[in-house]
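# Examination of the molecular architecture
This is what each chain is made of:
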Amino acid sequence: MSIAKRRCAMLLVAGVMLPLPVLTGCSSDDDGPPPPAAWDVASAPRGGTTGTGTLRWALDATPTTFNAFQTAADTGTQRIAGAVLPALYTLDARGRPQRNGDYLTSADITAREPKQVVVYKLNPKAVWSDGRPLGAEDFQAQWKALRGTENAYWTARNAGYDRIAKIEPGDEDHEVKVTFAKPYTDWRSLFTPLYPKSVMSNPAVFNAGARKGLAVSSGPFMVHAVADKSVTLVRDPRWWGDRARLSRLVFRTVPAEQRAGALIGGQLDMAEVDRTTARRIQATTPDGKKQAAGAKKSGSPGKAGAPDLSTGGQDAADALATWAAENGPQQDRSQTVALSRFTLRKALDPAYTQLALNGTKGPLADERVRRAVARAIDRQALANLVLKPLGLPAKPLGSHLLMAGQKGYKDHSGALGGRDTHAAQSLLADAGWRANGSSTRQKSLDGKTDDRGRRHAAPTAMASEATTGTASDTATGTESTASDAATGTASTASGTASGTASGSPSATASGAAPAAGDAGRSGRVGETAVVRKKGRPLVLRFVLPDDSASAPLRTVGERIARMLEAIGVRTEITKVPGTGYFKDHIATGNYDLALYSWPASAYPATDGRPIYAKPQPAADGSLVVEQNYTRVGTDQIDQLFDQALSELDGSASRSLIGRADARIWAAAGSLPLYQRPELVAMRNGLVNAGAFGFATPRYQDMGFRK
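The shown structure was predicted, so the numbers you read here are calculated from the model rather than taken from an experiment.

## Overview of the overall build of the chain
From N to C terminus, the chain includes 18 helices and 25 strands. A burial count over the chain gives 58% of its 706 residues as buried.

What follows is the structure, given as structure tokens:
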């Protein structure tokens, strides 16, 4: 399963990308350079590096398994697998699969009728770390473990492998012949990473044997040591490709909130960072200091040398950060010196944040209400809020299935329509939700709400729950996770193949009471009367994580709440523990509105289907939702995905995906908002690394400049 293929809501797998000239593989379909901000890498020739050294790279958590096909696999699992195991296909900056010449000489469809046949010709030099050549027996073992017919294997999913009929040696040496029972357009997604038969042929080893390391591997690096807070990789002496320019790769577990301290303390060389840390690093650059100096010239009387913050936005924030560091205590100045040893690399992450609308029950079970809510959202304003202060292209995402720059990407949001408060109010009225009608003044709720739908609450409750959000606040789209899961980032838990929901727990079951009145929404009183139906106001429960890393996400949520006020829809913002945000709320359907992210995929026909498949009733009365946590789907969407999966003509398959995306927009179960920012702090002198975007890393090319 490729890095970009594991679509976990909220804990995202970080894609790594190198400069295009050093990316693995051959491309016969060059559509020009990648779009702006697709990647940001310090590129350098391999010969310009020292050829030694240790790179310390931050992980959110120490992997609990090194088997990328288990449900417990996370970002660390995927990243390490990329350095130590075969990847038959890697991704370029546009998310296009590229044959990896280190392992594959060729791979072609040799027959389409009566059945699809793919013949892989392996690089004769490719061997496992125990000296055994890669061969058909490894492919066979992986297929049998992942095809879904062996319950003894604890697999996350079997997509693609369940379409294979048989695997056998080819007609020539080093060939593997794969015959499919059903046509499969995403066949390039299979066998990446490829595990040795010693891991895949035995359920006990598959389930538990890879929890503490990998005895056999095949890559530029191999696992050397696994500790509680780190995983150390060293060069594989049997590697036949370009020799790794680093002696060691050390993946260190450093939680997001501790990254700045670890960078300042000299404990890391590369780490994804939050916006605050990114701003501090930017402020140490010549451009950052120049901006701060310009702001300082107009200091206020009585505050000599203080920066002028009247311009607001990123310039003011950078100026303030630099001024505080230069004029603050010695400790602050020394931290600034430490951070000046790093460079910020920034790109658009191959992942997007969405507003999820739970269509299972309540007002949002009505498609007209979902469409009304969606059409009240100013997606451009939210993209500006999150991306513009970082200097990244601020454009709303127009597809659920492809990122801007991917082949086949088209903006299908027109199937739903853009922001239009009048159209939204008309949709609500058509669904029976109206303001200022004869029923809107009746006291059918025993005086629990006023004419605007605000719940009467004690002043102390309102004060304690009040939150505010300003336009200068930004959101990183942090998801809980799963890692980046959800880490939605979906949590690693979200990587499961399916989920069931027999009914949503009550609002109080979460352990967090909904915030009261205006305090539970945005801290501001709306001017539009709440819409009502049969005397009941339209109030939606908006669930958001309350951990520190999700503060920017809450800012986005509060801005959305204010947008909904404009059409008479009220929200009760419920803040819940970040650790249980995905598992206890998103996966169970215990929400009306929620924000979380999905990683993008190079294989949307395969990876998109479980996210948007129509939930099916189970024998016990529950819903089998797979990864469709909004519970909104249609038979037509399912049919289009099925057709796209079986269409071997790439252009025709992409056309079907586009049609499916348009129908997903029209169903209004989820609203893509923006691609998340990818912010990476990198030690000066480190090259062929940075904000990799979509592309797969060549770990053997990373190194320190001479």
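## Notes on the packing of helix α17 (residues 635-646) against helix α18 (residues 650-667)
For the pair α17 and α18, the least separation of the axes is 8 Å and the interaxial angle reads 165°. Judged by the angle between their axes, α17 and α18 are roughly antiparallel. As for the relative orientation of α17 and α18, their crossing is left-handed in sense. Where α17 approaches α18, its residues Q636, I637, L640, F641, Q643 and A644 are matched on the opposing element by S653, L656, I657, R659, A660, R663 and I664.

## A closer look at helix α10 (residues 367-375)
Among the nine residues that make up α10, seven are buried, leaving the element largely enclosed by the rest of the structure. For α10, the full list of buried residues reads V369, R370, R371, A372, V373, A374 and R375.

## What about the packing of aromatic side chains?
This structure, assessed with the given rule, holds 19 aromatic pairs. Ring geometry for Y120 against F139: centres 5.5 Å apart, planes inclined by 50°, an arrangement best described as tilted. Of this pair, Y120 sits in strand β6 (residues 117-122) while F139 sits in helix α2 (residues 136-146); the two residues are 19 residues apart in sequence, bridging distant segments of the chain. Given the relative accessible area of 0%, F139 is considered buried. Measuring from ring centre to ring centre gives 6.1 Å for Y596 and W598, while their planes differ by 75°; the resulting arrangement is edge-to-face. Under the relative-accessibility criterion, Y596 is labelled buried at 1%. Note on W598: relative accessible area 1%, which makes it buried. An aromatic cluster is defined as three or more aromatic residues linked by ring pairs; in this entry it consists of F69, Y89, Y120, F139, Y161, W187, F191 and Y195. Geometry around W143 places R147 over its ring, the cationic atom sitting 4.8 Å from the centre.

## A closer look at the pairing of β6
For β6, the buried fraction is high: five of the six residues fall into the buried class. Here strand β5 (residues 104-111) runs beside β6; their pairing, made up of six bridges, is antiparallel. Directly across from L104, in β6, lies its bridge partner L122. Count of turn residues in the β5/β6 antiparallel hairpin: five residues. Two strands pair when backbone bridges link them, and β6 and strand β8 (residues 175-180) are joined in this way by five bridges, in the antiparallel orientation. The residue of β8 that forms the bridge with Y120 is V176.

## Brief notes about the confidence of the model for the chain
Close inspection of predicted coordinates is inappropriate for parts of the model with low pLDDT. Considering every residue of the chain, the mean pLDDT works out to 83; 76% of them sit at 70 or more. Ignoring residues within four places in sequence, the model shows residues 298-305, a span with pLDDT below 50, making five contacts including any to other chains. Ignoring residues within four places in sequence, the model shows residues 308-315, a span with pLDDT below 50, making 12 contacts including any to other chains.

## Here we look at the side chain of R698
Tracing the backbone shows R698 in the loop between β24 (690-691) and β25 (703-704). Among the polar contacts made by the side chain of R698, one reaches the side chain of D701 at a distance of 2.8 Å.

## Overview of the packing of helix α11 (residues 379-387) against helix α14 (residues 551-565)
Interhelical geometry of α11 versus α14 gives an angle of 155° and a closest axis separation of 11 Å. When the axis of α11 is compared with that of α14, the two are roughly antiparallel. Crossing of α11 over α14 shows right-handed handedness. Contact residues: A381, L382, L385 and V386 in α11; T555, V556, R559, I560 and M563 in α14. In the contact of α11 with α14, the residues fall into seven nonpolar, one polar and one charged.

## Focus: the pattern of salt bridges
Evaluation of the coordinates by the stated rule reveals 23 salt bridges. Between R157 and D607 there is a salt bridge whose closest N-O contact spans 3.2 Å. Exposure class is identical for R157 and D607. Each is buried. Shared partners join several salt bridges into a network, and the residues in it are R46, D102, D242, R698 and D701.

## Things to note about unusual backbone geometry
Following E113, the chain continues to P114 via a peptide bond in cis, the omega torsion being 0°. Even without being a glycine, F191 presents a positive backbone phi close to 65°. Following the sequence through the fold, F191 ends up in the loop between β8 and α3 (197-200). For K534, which is not a glycine, the phi torsion comes out positive at approximately 55°.

## Here's the deal with the sheet that holds β8
Within a sheet, adjacent strands bond to each other through the backbone by hydrogen bonds, running parallel or antiparallel. The four strands lie next to each other as β5-β6-β8-β7, forming an open sheet whose pairing is antiparallel. Edge positions in the sheet fall to β5 and β7 (164-169), since each has one partner strand and no second. Strand after strand, the sheet turns through a mean of 15° between neighbouring axes, direction not considered.

## A look at the nonpolar core
One finds Y120, F191 and L233 to be the most contacted residues of the largest nonpolar core, which totals 105 residues. The contact partners of F191, leaving out residues within four places of it in the chain, are P86, L88, Y120, F139, Q142, Y161, I164, I167 and V178. Core analysis: the second largest hydrophobic core is formed by 58 residues, V254, L268, L364 and L544 among them.

## Description of the side chain of D269
With respect to the helices, strands and loops of the structure, D269 is situated in the loop between α5 (259-264) and β12 (270-272). A polar contact is formed between the side chain of D269 and the backbone nitrogen of R56, at a distance of 2.8 Å. Here R683 takes part through its side chain, which lies 2.7 Å from a polar atom of the side chain of D269.

## Quick look at empty space enclosed by the protein
Taken as a whole, the second largest cavity encloses approximately 100 Å³ of empty space. For the lining of the second largest cavity, the elements supplying multiple residues, two or more each, are β19 (593-599), α16 (604-612) and α18. Looking at side-chain class alone, the lining of the second largest cavity contains nine nonpolar, seven polar and no charged residues.

## Points about the pairing of β8
In summary, the side chains of a regular strand alternate between the two faces of the sheet. Across the six residues of β8, five count as buried, placing the element largely inside the fold. Of the pairings in the sheet, the one linking β7 to β8 comprises five bridges and is antiparallel in character. Paired with I167 across the strands is V178, a residue of β8. What sits between β7 and β8 in their antiparallel hairpin is a turn of five residues, with H174 showing a positive phi close to 65°.

## Notes on the environment of W39
Along the chain, W39 turns up in the segment before β1 (40-41). Using a relative accessible area of 25% as the deciding quantity, one classes W39 as partly exposed. Along the primary structure W39 and A93 are separated by 54 residues, whereas in three dimensions their C-alpha atoms are 7.1 Å apart.

## Things to note about helix α6 (residues 275-282)
The buried fraction of α6 is high, at six of eight residues. Considered for burial, the residues of α6 that qualify are R275, T277, A278, R279, I281 and Q282.

Basis of the calculations
Residues numbered from 1 in each chain as written. Predicted model: local features only at pLDDT ≥ 70, side-chain atom pairs only at ≥ 80, totals over all residues. Heavy atoms only, no water. Helix = DSSP H or I, 4+ residues; strand = E, 2+ residues; numbered from the N terminus. Buried < 20%, exposed > 50% of the residue type's maximum accessible area, 1.4 Å probe, protein only. Axes fitted to C-alpha atoms, helices over the stretch in contact; angles between N-to-C directions. Parallel < 35°, antiparallel > 145°, perpendicular 65-115°, else oblique. Left-handed = near helix turned anticlockwise from the far one by under 90°. Contact = heavy atoms within 4.5 Å. Phe/Tyr/Trp six-rings, centres within 6.5 Å; stacked < 30°, edge-to-face > 60°. Lys NZ or Arg CZ within 6 Å of the ring centre and 35° of its normal. Pairing = 2+ DSSP bridges. pLDDT = per-residue confidence, 0-100. Polar contact = N/O pair within 3.5 Å; in protein donor to acceptor, adjacent residues only side chain to side chain. Nonpolar A, V, L, I, M, F, W, Y, C, P; charged D, E, K, R; others polar. Salt bridge = Lys/Arg side-chain N within 4 Å of Asp/Glu carboxyl O. Core = buried A, V, L, I, M, F, W, Y, C linked by side-chain atoms within 4.5 Å. 1 Å grid on protein atoms, 1.4 Å probe; cavity = no way out; pocket = protein on both sides within 12 Å on 5 of 7 lines; lining within 4 Å. Points joined across faces, edges and corners; volume = space filled by probe spheres on them.

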